[in-house]
Structures are given as structure tokens and as C-alpha cells.
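Summary of structural features
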Amino acid sequence: MPIAQNGAVSLHYDTYGRGEPLILSSGLGGSGGFWQPQLDALSQRYRVITYDHAGAGRSSRDVGPRSVAEMASDLLAVLDAAGADRAHVVGHAIGGTIGLQAGLQDPGRLRSLVIVNGWVGPDAHIDRCFAIRREILRASGRAAYLRAQPLFLYPATWISRHAAEMEAHADAALTTMPSDTDLLARIDAFTAYDPGSALATMAVRTLCVASRDDMLVPWHMSKTLARRLPDARLALIEWGGHAFTQAVPEVFHDLLREFYHDLTGDVVA
């Protein structure tokens, strides 16, 4: 089982395919399994790396509060362990924030960055959504939190068509999600994150992708992020919600294909 080490924290990672390294960083839940819908397509051209964040999945558990900078160091430690000097980085929401911070800390390690439904700096709507999620976790427990989670992540019609899948996912996630203490600390770290003027120094070609119907992170947050970065562009889709990489993976695949082709001439199969 491949393991990266960042100080006392052990990080489980997996690799798929061969080629230029591409690392995928998940959102709040932190499980590398989030990216299952992308693995077949991306691994035909790239050496794809997924990993469980500290506190989640098969990585070290009950790690306590960690800063976004420490989480970015985790990502870089995974690249080190996988023998990847440079890599394309794709991050979903919080995973995108980790990738952004990694690019600020060590821009030479990132070949490119894709931030999916991301944000930077405080936002009243995001704060309200996370306050509700905190209260569900504290008052009703982990099972209730996971049952409510799809309401924040997917369009209503998609949930209706995938009810059994959502139930199975909630059951499985009980064993991979961070502890309550770690999960609450992760929410606090990311809602407070604001790199400020450092964004203007970002030296990594970036694609910010957002869904107009994302009810957890409003799409205008990605628009603001793209405007503040010196070498970024914005791509919007119309439907799919916060987790559109799972709801409509083929749409996300097309966006990556176009971005990587424009960047390097590479074509994702």
C-alpha cells in the first residue's frame, strides 16, 4: 500500500496509468474515491494519482486542526512519494483550495491547476451552508449529516434518479469520512482561508470551472477567483450542481480535454 509521509501524518495514495503525473485532490470528505468517474479517461494519457487527505479514508485519522498550508504540504508530499517532480493538479472545492495554496508555496511543482467549484475568501452564502452542515453534524450525528449531504452536492432531479446509490454511498462514507472533530476543523480552516494579495503572484496556468446551479458554492466565486489570478480562465456549465464531476463526468472530461490540449497539445482520450 503506497504511503507518503508528511511529518507524523501518513497519506495513502493510489496511481493509475502511465504518462505525465496528474494528481486529483478531493473536497471536504477527503476521500480519493471521489474521483472514480474520472479514472478511466484520465489514466489513458496520464499517470493519475489520487490520495486520501489527512484525517480521511486510509490516511492518518484524528489528526486535529490543520492549516490549508499544511494540507498543501500533504499534496506535495504525495508527489514526492510518487516520484513526481511536477504534476497537473485538479482539485474539487476544498481540494482546489489545497492546489491553489500548493501553487503559491511551490509553483515549480505544478504543471497546471484546475479548480472545480472553488472559492477564495469569505462569502455569506457559503458560511450559511456550512453553518447548517455543522449543526446537522453536532445535533443529529454522522448518519444524518451524510444523508443530508446530497442536498448540497447534486441537482434535485439527479438525486431522484440515484436514490439507492445515495443511500449506499452514505453507508460507505461512514467509514471513510473524517472524525467529527477533524471535519469541523476542516470546515473552519477553509471558510477562513484568504490568501489576499498573494493571488497576484500565482505563477501557474489555471482553469476555474463552476456550475451555475451549484447551491453550495455560488458560481460567481469562481468568476472572482479567475479574475484575481494572473493566468486563469473561467469555464461555466449549466447543470450538475456542486459535484458535477460525478453527476455529469463526461462534461467535465470535455473541459479537461480542451484545457490540456490548449496548454500542452495533449489530448485526453
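Look up: the structure comes first, before these words.
Anyway, here's the lowdown on the structure attached to this text.

Rules and cut-offs
Residues numbered from 1 in each chain as written. Predicted model: local features only at pLDDT ≥ 70, side-chain atom pairs only at ≥ 80, totals over all residues. Heavy atoms only, no water. Axes fitted to C-alpha atoms, helices over the stretch in contact; angles between N-to-C directions. Helix = DSSP H or I, 4+ residues; strand = E, 2+ residues; numbered from the N terminus. Parallel < 35°, antiparallel > 145°, perpendicular 65-115°, else oblique. Left-handed = near helix turned anticlockwise from the far one by under 90°. Contact = heavy atoms within 4.5 Å. Nonpolar A, V, L, I, M, F, W, Y, C, P; charged D, E, K, R; others polar. Pairing = 2+ DSSP bridges. Salt bridge = Lys/Arg side-chain N within 4 Å of Asp/Glu carboxyl O. Buried < 20%, exposed > 50% of the residue type's maximum accessible area, 1.4 Å probe, protein only. Phe/Tyr/Trp six-rings, centres within 6.5 Å; stacked < 30°, edge-to-face > 60°. Lys NZ or Arg CZ within 6 Å of the ring centre and 35° of its normal. Expected span 1.5 Å × (residues − 1).

Attention shifts here to the packing of helix H4 (residues 124–140) against helix H5 (residues 142–153). In the contact formed by H4 and H5, the axes pass within 7 Å of each other and the chain directions differ by 155°. Classed by the angle they form, the pair H4 and H5 counts as roughly antiparallel. As for how H4 packs across H5, the hand of that crossing is right-handed. On H5, the residues touching Cys129, Ile132, Arg133, Ile136, Leu137 and Ser140 of H4 are Arg142, Ala144, Tyr145, Ala148, Gln149 and Phe152. A class-by-class count of the residues in the contact of H4 with H5 yields eight nonpolar, two polar and two charged.

What follows is about the sheet that holds strand S5 (residues 87–92). One open sheet accounts for eight strands, arranged S1-S2-S4-S3-S5-S6-S7-S8; its pairing is mixed. The open sheet has two free edges, formed respectively by strand S1 (3–6) and strand S8 (232–237), since each of these has just one partner strand. Direction aside, the axes of adjacent strands within the sheet are offset by 25° on average. With six bridges connecting them, strand S7 (residues 206–211) and S8 associate as parallel partners. Paired with Ser211 across the bridge in S8 is Ile237. Relative to S7, helix H9 (residues 219–228) is tilted by about 165°, and along the sheet it contacts strand S6 (110–116), S7 and S8. Against the sheet, helix H11 (residues 249–264) engages strand S3 (20–25), strand S4 (46–51), S5, S6, S7 and S8, with an angle of about 150° to S6.

Tallied over the full model, the rule gives twelve salt bridges. Linking Glu167 and Arg147 is a salt bridge whose minimum nitrogen-to-oxygen distance equals 2.7 Å. One end of the pair, Glu167, is in helix H7 (residues 163–176); the other, Arg147, is in helix H5, with 20 residues separating them in the sequence. Overall, Glu167 belongs to the partly exposed group, its relative accessible area being 38%. Here Arg147 falls in the exposed class, since its relative accessible area comes to 54%. In this structure, Asp262 and Arg233 form a salt bridge, with 3.6 Å as the shortest nitrogen-oxygen distance. With Asp262 in helix H11 and Arg233 in strand S8, this residue pair connects regions lying 29 residues apart in the sequence. Sharing partners across several salt bridges, the network here consists of Asp14, Asp52 and Arg58.

A full pass over the atoms with the stated rule returns six aromatic pairs. An angle of 45° between the planes, with centres 6.3 Å apart, marks the rings of Trp119 and Phe130 as tilted. Note that Trp119 is positioned in the loop between S6 and H4 and Phe130 in helix H4, a separation of eleven residues in sequence. Taken as a pair, Trp119 and Phe130 share a single burial class, namely buried. Members of the aromatic cluster, joined through ring pairs, are Tyr46, Phe259 and Tyr260. Looking at Arg45, its charged tip hangs above the ring of Tyr46, at a distance of 5.1 Å from the centre. In this structure, Arg133 packs its charged tip against the face of Phe152, placed 5.3 Å from the ring centre.

Here Thr224 shows up in helix H9. Taking the C-alpha atoms as reference, Thr224 lies 9.8 Å from Cys208; in sequence the two are 16 residues apart.

Let us now look at helix H2 (residues 68–81). Counted at 1.5 Å a residue, the expected span for H2 with its 14 residues is 20 Å, and the 20 Å between its end C-alpha atoms agrees. Those residues of H2 not exposed but buried are Val68, Met71, Ala72, Asp74, Leu75, Leu76, Ala77, Val78 and Leu79. Count one or two residues on from H2 and you reach Gly83, which has phi positive near 75°.

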